[in-house]
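Coordinate analysis (summary)
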Amino acid sequence: MITIVSFLSFAVWVYLIGFHGGFWRSSPVLHLRAPSGRPKVAVVVPARDEAATIRQSLASLLAQDYPGELSIILVDDNSTDGTGEIAASLGRVERLTIVAGAPLARGWTGKLWAVHQGLAHERARTADYVLLTDADIVHAPDHVAALVAKAEGDGLDLVSEMVRLNCATIAERALIPAFVFFFQMLYPFARVADPAKRVAGAAGGTMLVRRAALDRIQGVSRIRQHLIDDCALAKEIKSSGGRIWLGHAEGAVSTRVYSDWREVWNMIARTAYVQLGHSPLMLLGCIVAMSVIYCAPPVLTIFAHGLPRVPGLLSWLMMAAAFQPTLRRYHRWPLWGVALPAIGLFYLCATVDSALRHHAGRGGGWKNRVYPENPAG
């Protein structure tokens, strides 16, 4: 059995590195460039209790150097920390509209209900493109122009980016690069962009969507109960015949801070079981798979004897090597690659906790709300 596990882990890593869409390369990157045309763009920013980040985020949007008409619609989702007041303190700016969000409607998640209200605004309804972005994202001055240039140049219905996440605290330095690595593994960016592949993914921090594509799928109403709303939206657009693209951002960064490991744990536990379809069988499969892929190689390397140790060591070296491009993107020490099995175990335990929370009626908690987490809604 030890020998079987050893060679199975080795075979999986050979497949992942050689035949899984080149996910480990941590590419492509959207380079900043100007669009050829001047399509009308509306930016929809859902915000709930974002007082710590909203001023910087809105300021970066208001400072966009975009040649066409650009409007920003902030939907204040019943914040209690003065988010709307901070936004209003920026002054009467022609580009900015602040919408006071209605109470959460039954059957919707908070973020999507806020997005829905933003999309209903006249400026969003008449736009050629809608940029959906979070209230903690800071955009380079030419970021919107680069997104539009990519969409126009390649005929895309959705251009999405994994923004550069904050990686300053001890917990972030240890755990955030792996979050990006695992996301790339779940949604290989090359396969997302391939119309022949069913894989559809997006990153919620930056999603530029063609308005015609949104109208084709009835906005966000079909995915109103999804917690992993970015990937759900990408799936709807791609399933409707739209072309999508997912890459890494050079012109957008997140200012959201995870101060300790508990905050990272809660971020994972909020949606991990959703990703598994709330299926105990899928959870069991995830535990077995993560154990074989991440945990077995170092255990075999350290404790096994004879033949099983060799593929175990090779698997450990391959995963460490595959992690390097992501570590370089986040300016982390290469030896963090050796720690990937321990980091993977952390993510696995948080996933199990996600299942426990769901079955205890505490799943999907976010911003003082707990959702029923019905991904099929």
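Per chain, the residues get numbers from 1 upward, laid out in the order the sequence is written. Totals for whole chains, interfaces and linings use every residue, but because this is a predicted model, local features are given only for residues with pLDDT of at least 70 and side-chain atom pairs only at 80 or more, for both listing and counting. Computation of side-chain values: all heavy atoms of the structure, hydrogens and water removed.

1. Let's talk about the pattern of salt bridges
Note on definitions: salt bridges are taken to be side-chain nitrogens of Lys or Arg within 4 Å of carboxyl oxygens of Asp or Glu. Per the counting criterion, the structure on display carries 14 salt bridges. With a closest N to O distance of 2.7 Å, Asp154 and Lys150 form a salt bridge. Remark: Lys150 and Asp154 occur in helix H6 (residues 143-154); sequence separation between them is four residues, near one turn of the helix. Type-normalised accessible area, obtained with a 1.4 Å probe on protein chains alone, sets the label of each residue: buried when under 20%, exposed when over 50%, and partly exposed for intermediate values. We classify Asp154 as partly exposed; its relative accessible area is 31%. Under the relative-accessibility criterion, Lys150 is labelled buried at 13%. For Asp353, the salt bridge is made with Arg357, and the minimal N-O distance between the two is 2.9 Å. Of the two residues, Asp353 and Arg357 both sit in helix H14 (residues 340-359), four residues apart, roughly one turn of that helix. Considered together, Asp353 and Arg357 belong to a single accessibility category, that of buried residues. Sharing partners across several salt bridges, the network here consists of Glu152, Asp157, Arg210 and Arg216. By the criteria applied, helices consist of DSSP H or I runs no shorter than four residues and strands consist of E runs no shorter than two, each listed in order from the N terminus.

2. As for the pairing of strand E3 (residues 70-76)
In terms of burial, E3 is largely enclosed, as seven of its seven residues are buried. On E3, burial covers both faces: Leu70, Ile72, Leu74 and Asp76 on one face and Ser71, Ile73 and Val75 on the other are all buried. Two strands make a pair as long as DSSP finds a minimum of two bridges between them. Where strand E2 (residues 41-47) meets E3, seven bridges bridge the pair, whose relative direction is parallel. Bridging across to E3, Val45 finds its partner in Leu74. Call a crossover right-handed when, viewed with both strands pointing away from you, the route from the first strand across the helix to the second goes clockwise. Once you follow E2 into helix H2 (residues 54-62) and on to E3, the crossover reads as right-handed.

3. Topic: the nonpolar core
Counting 86 residues, the largest nonpolar core has Trp13, Phe181 and Tyr294 as the members making the most contacts within it. Element by element, the count of residues in this core is highest for helix H7 (residues 170-186), at 10 residues. Residues count as neighbours in contact if any of their non-hydrogen atoms are within 4.5 Å of one another. Sequence-distant contacts of Phe181, that is, excluding residues within four places in its chain, are made with Trp13, Phe23, Trp24, Tyr294, Ala322, Phe323, Thr326 and Leu340. For this analysis, a nonpolar core means a set of buried residues of the types Ala, Val, Leu, Ile, Met, Phe, Trp, Tyr and Cys, connected via side-chain atoms within 4.5 Å. Counting residues in hydrophobic clusters, the runner-up holds 27 residues, among them Tyr66, Ala87, Tyr129 and Leu147.

4. Concerning helix H13 (residues 309-329)
The terminal C-alpha atoms of H13, which comprises 21 residues, lie 31 Å apart, in line with the 30 Å expected from a rise of 1.5 Å per residue. At every residue, the bend is computed as the angle between two fitted axes, covering the seven residues ending there and the seven beginning there respectively. When the local axis directions of H13 are compared, the greatest deviation, roughly 35°, occurs at Phe323, which is followed within four positions by the proline Pro325. An expected span of 1.5 Å times one less than the residue number is assigned to each helix.

5. Considerations on the environment of Pro39
Following the sequence through the fold, Pro39 ends up in the loop between strand E1 (29-30) and E2. Discounting residues that sit within four places of it in the chain, Pro39 has contacts with Tyr66, Gly68, Glu69, Asp128, Tyr129, Val148 and Glu152.

6. Section: the environment of Arg309
Mapped onto the elements, Arg309 comes out in helix H13. Classification of Arg309 by relative accessible area gives partly exposed; the value is 33%. Discounting chain neighbours no more than four positions away, the residues touching Arg309 are Leu300, Thr301, Ile302 and Ala304. Think of a polar contact as two N or O atoms within 3.5 Å of one another; within protein, one of them needs to be a possible hydrogen donor and the other a possible acceptor, and neighboring residues in sequence only count if both atoms come from side chains. Within the structure, the side chain of Arg309 is placed 3.1 Å from the backbone oxygen of Thr301, a separation counted as a polar contact.

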